[in-house]
Number of protein chains: 2
Amino acid sequence: MKIEQNTSEQNILAAARKVFVLKGFDGARMQEIADEAGINKALLHYYFRNKEKLFEAIFQPAFRKLFANINELVESDKPLLEKISLFIDNYIDVLSQNPDLPGFIAHEINRNPDRIYSLLFDGSFSPAKLIIQFSEEIAKGNIRPIAPQHLMVNLIAVCIFPFIARPMLSKIIFQGDQLMLDQFMQERKQEIKQFVIHAITK
Amino acid sequence: MKIEQNTSEQNILAAARKVFVLKGFDGARMQEIADEAGINKALLHYYFRNKEKLFEAIFQPAFRKLFANINELVESDKPLLEKISLFIDNYIDVLSQNPDLPGFIAHEINRNPDRIYSLLFDGSFSPAKLIIQFSEEIAKGNIRPIAPQHLMVNLIAVCIFPFIARPMLSKIIFQGDQLMLDQFMQERKQEIKQFVIHAITK
DNA sequence: GTCTATATTGTGATAGAC
DNA sequence: GTCTATCACAATATAGAC
């Protein structure tokens, strides 16, 4: 049984993840990461050689894991409505644990697509199966005719967008009231399910 | 009648806007802006003193204009369904002209909220009237009971999210096929309207 | 492994000629 | 107004002692 140790390497990884997600690759400072990890700047280079490699060391496994979870669900053989419900639950849960992640990923992909794509995809992930399932249910007349890609994008949008726009929502809709925003985020699982179900049933 | 001139100042503003939106404030380089504008780096400082002020000079009027348009529509006295339809048309049109703007704004707000808030809000903008209108229609039984804030956020989400996530959608859903993505974006106005109407009517 | 000190390069900003 | 040259400092990265 291995005892959990706060090794320098682990401290660095945790600190770097925090700073990168908060500031973005360009805004992140090696000095700040070192301070956050409680070690010296030189040690970052000892463990990870340079900023780029440190970035990859964190987000390669993180992204893969994120997409693997979603992928497993999408590829499963569950009925459509159950799958949608689980999809929403899964997304909201994961993002609630990592609320800054969507905005971070969105920005980094725009900023440097190649760097992120090489980390994100091992080629396995694709929502194709879910899109096909939409088509089948439409053909069977179980849901109203709707372009599957648009449904897919709308579903992802209502899940992810509130996290990306959280600071703006807080300001514009809730006048900075943190409690109201928290409660709003809690309610969303149920609200999204109702919204999507109504949108796709006849 | 004033003849349109490509003055250096105008060139700088256009170049800076392009580079800032593409790279973000942290990623933008004064040198790159100068090159893009076809002038020297020193001239940037001659006209705008520093990077921060250059940033503000561009985005203060741009943001104000963006929100003023939306605000005018939201505050108008049109019937709800017509207002939603126009809201979607307006958003998609503006964003189609500035596809990188949503991601840029989202990132800059997270990165440095104060800098952006002072540019974005003169205090006048608020979707309160639209939210109240939702409540009234629910009370009258014209649309199904739905938390107005969630409806508001869902409406904005399906409009804006595809722009923020465009590079990812292009890769994951359309396998990089630019033509299919373009067509998809064209269709969205109609698709979103159908989607939202179905989601809110009984 | 961890540190201090330093090298090296990048980047915003200024001085001053024209 | 526009340029070249340069400064000052910030940031990544390395050298070398312990």
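Not measured: the values here are computed from a predicted model.

What follows covers the protein's contact with DNA strand D. The full set close to DNA strand D counts 16 residues, and A:R29, A:K41, A:K51, B:N40 and B:Y47 are the nearest of them. Among all atoms of DNA strand D positioned within 4 Å of the protein, those belonging to sugar or phosphate total 63%. Interatomic distance of 2.8 Å between a backbone N/O atom of A:K51 and a phosphate oxygen of DNA strand D. Measuring from a phosphate oxygen of DNA strand D, one finds a side-chain N or O atom of B:N40 at 3.0 Å. Counting residues per element, the ones that place at least two in the surface near DNA strand D are α3 (41–48) of chain A together with α3 (41–48) of chain B.

Let us look at the protein's contact with DNA strand C. Around DNA strand C, 16 residues are found, and the nearest of them are A:S8, A:N40, A:Y47, B:R29 and B:K51. A breakdown of the atoms of DNA strand C within 4 Å of the protein gives sugar and phosphate a share of 66%. In this structure, a phosphate oxygen belonging to DNA strand C sits 3.0 Å away from a side-chain N or O atom of A:N40. Between B:R29 and DNA strand C, the recorded distance is 2.6 Å, taken from a side-chain N or O atom to a phosphate oxygen. Those elements that provide at least two residues to the surface near DNA strand C are α3 of chain A together with α3 of chain B. A breakdown of the residues in the surface near DNA strand C according to their chemical character gives 8 nonpolar, 4 polar and 4 charged.

What follows concerns the interface of chain A and chain B. With 48 residues of chain A at the interface, the matching set in chain B holds 49 residues. Summed over both sides, the interface between chain A and chain B buries roughly 4,600 Å², with carbon and sulfur atoms accounting for 72% of that surface. By the criterion of area lost to chain B, the three top residues of chain A are A:H150, A:F161 and A:F195, representing 16% of everything that side buries. At the junction of chain A with chain B, the criterion picks out 0 salt bridges. The tally of links from chain A across to chain B stands at 11 residue pairs in polar contact (both at pLDDT 80 or more). Sorting the residues of the side of chain A that touches chain B by element identifies α1 (8–27), α6 (101–111), α9 (148–164), α10 (166–172) and α11 (178–200) of chain A as the ones contributing at least two each. Among the elements that line the side of chain A that touches chain B, the one with the most residues is α9(A), at 13 residues. Across the side of chain A that touches chain B, the residue classes tally to 30 nonpolar, 9 polar and 9 charged.

One copy of the chain maps onto the other through a rotation about an axis followed by a shift along the same axis. At an RMSD of 0.1 Å, chain A and chain B line up after a rotation of 180° and a shift of 0.0 Å along the axis. These values place the two chain copies in the arrangement generated by a two-fold rotation axis. Among all residues of chain A, the one whose C-alpha sits closest to the rotation axis is A:A199, at a distance of 2.0 Å. Counting the interface residues of chain A, we find that 100% of their copies in chain B are interface residues as well, pointing to one common contact surface.

What follows covers the packing of helix α2 (residues 30–37) of chain B against α3(B). Residues and elements named next belong to chain B. Relative to each other, α2 and α3 sit at 95°, their axes nearing to 8 Å. In terms of their interaxial angle, α2 and α3 are classed as roughly perpendicular. Listed contacts from α3 to M30, Q31, I33 and A34 of α2 are K41, L44 and H45. Taken together, the residues of the contact of α2 with α3 sort by class into 4 nonpolar, 2 polar and 1 charged.

About the thresholds
Residues numbered from 1 in each chain as written. Chains lettered and ligands numbered in written order. Predicted model: local features only at pLDDT ≥ 70, side-chain atom pairs only at ≥ 80, totals over all residues. Heavy atoms only, no water. Near = heavy atom within 4 Å. Polar contact = N/O pair within 3.5 Å; in protein donor to acceptor, adjacent residues only side chain to side chain. Helix = DSSP H or I, 4+ residues; strand = E, 2+ residues; numbered from the N terminus. Nonpolar A, V, L, I, M, F, W, Y, C, P; charged D, E, K, R; others polar. Contact = heavy atoms within 4.5 Å. Buried area = accessible area lost by both parts, 1.4 Å probe. Salt bridge = Lys/Arg side-chain N within 4 Å of Asp/Glu carboxyl O. Least-squares fit on C-alpha atoms with pLDDT ≥ 70 in both. Axes fitted to C-alpha atoms, helices over the stretch in contact; angles between N-to-C directions. Parallel < 35°, antiparallel > 145°, perpendicular 65-115°, else oblique.

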